[in-house]
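# Structure assessment
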Amino acid sequence: MKNSGRLSLWERYLSREISIEFKACLYFFCVLFYYGVYRLCTGRNTAELLHMAEMILLCYAAGYLQVYVLWNFDEAEKLGKKETAGLVICMLIYTAGSWLFNWLDRSIAATAGFAAWTAVMFFSAFLVYRYRRILDDKKLNEDLKIFQARGGESAT
């Protein structure tokens, strides 16, 4: 395999799959947290395994949709119209899932709260990814300055 500085098709695919895996885990935790708080507030201290299975499957499905169809909006450089549309679409998918699978007892108030929760969840992820890119850029610039100060010598 040539190393031309560009990612191969396999590497791009693998990068997307890792991104989906990370999103599914992160968003599953957020959804499960809201569900758990809801269950505690309604006097139940157990979670339904079927609900949790539905949640993780929905998180994976939404992750694939996000990465391959909805412009990977949470990792975008800016939150423009297209990215906001992706955020709203995913928020509606998660909210519809919560209603369809009866995670929140089809409570209108709890479901509306969940919709808001998912919007905040996606916006927070957007901010975290954005800040991570800023830190990565800063680190790369520091490394470049160190390399240039050494006279561009190879470390081999």
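In short, a report on the structure. All values reported here derive from a predicted model rather than from experimental measurement.

## Here we look at the pattern of salt bridges
- What the rule picks out here adds up to 7 salt bridges.
- Here Arg 39 ties to Glu 48 by a salt bridge, and the two come within 3.7 Å at their closest N and O atoms.
- The exposure class of Arg 39 is buried, given its relative accessible area of 5%.
- Residue Glu 48 is classed as partly exposed on the basis of its relative accessible area of 38%.
- Where Asp 143 meets Lys 139, a salt bridge forms, and the shortest distance between an N and an O atom there is 2.9 Å. Pair noted here: Asp 143 and Lys 139 are both in helix 4 (residues 108-149), with a separation of 4 residues, about one helical turn.
- Salt bridges here are not isolated pairs; linked through shared partners, they connect Lys 23, Asp 74 and Glu 75.

## Focus on the packing of helix 1 (residues 9-41) against helix 4
- Interhelical geometry of helix 1 versus helix 4 gives an angle of 145 degrees and a closest axis separation of 11 Å. Seen along the crossing, helix 1 lies across helix 4 with a hand that is right-handed. Within the contact between the two elements, helix 1 uses Phe 22, Lys 23, Leu 26, Tyr 27, Cys 30, Val 31, Phe 33, Tyr 34 and Tyr 38 and helix 4 uses Ala 110, Gly 113, Phe 114, Trp 117, Met 121, Phe 122, Ala 125 and Tyr 129.
- Looking at the contact of helix 1 with helix 4 residue by residue, the class counts come to 15 nonpolar, 1 polar and 1 charged.

## Some thoughts on helix 3 (residues 81-100)
- For helix 3, which comprises 20 residues, the first-to-last C-alpha distance of 28 Å matches the rise-based estimate of 28 Å (1.5 Å per residue) to within 8%.
- Turning to helix 3, its buried residues are Glu 83, Gly 86, Leu 87, Cys 90, Met 91, Tyr 94, Thr 95, Gly 97 and Ser 98. All buried residues of helix 3 lie within an arc of 165 degrees about the axis, which places them on one face of the element. In helix 3, those exposed residues whose orientation departs by more than 90 degrees from the buried face are Lys 81, Leu 92 and Leu 100.
- For helix 3, the secondary structure elements touched by its buried residues are helix 1, helix 2 (49-68) and helix 4.
- The first or second residue beyond helix 3 is Asn 102, which carries a positive phi of 60 degrees.

Cut-off values and rules
Each chain has its residues counted from 1, following the order in which its sequence is written. Given that the model is predicted, a residue must reach a pLDDT of at least 70 before its local features are reported, and side-chain atom pairs must reach 80 or more before they are shown or counted; all residues, however, enter totals for whole chains, interfaces and linings. Only hydrogens and water are removed before side-chain values are computed, so all heavy atoms of the structure are retained for them. The working definition used for a salt bridge is a side-chain nitrogen of Lys or Arg within 4 Å of a carboxyl oxygen of Asp or Glu. Burial status follows relative accessibility: with a 1.4 Å probe on protein chains alone, a residue under 20% of its type maximum counts as buried, one over 50% as exposed, and anything between as partly exposed. Secondary structure follows DSSP: runs of H or I at least 4 residues long count as helices, runs of E at least 2 residues long count as strands, and numbering of each begins at the N terminus. To obtain an axis, a line is fitted to C-alpha atoms, over the contacting stretch when the element is a helix, and the angle between two such axes runs from 0 to 180 degrees between their N-to-C directions. Crossings are assigned a handedness: left-handed for a near helix turned anticlockwise from the far helix by less than a right angle, right-handed for a clockwise turn. Any two residues whose heavy atoms approach within 4.5 Å at even a single point are treated as in contact. In this classification, Asp, Glu, Lys and Arg are treated as charged, Ala, Val, Leu, Ile, Met, Phe, Trp, Tyr, Cys and Pro as nonpolar, and every other residue, Gly included, as polar. By this rule, a helix spans an expected 1.5 Å times one less than how many residues it contains. Regarding the arc, it is the one traced by the directions from the helix axis to the C-beta atoms.

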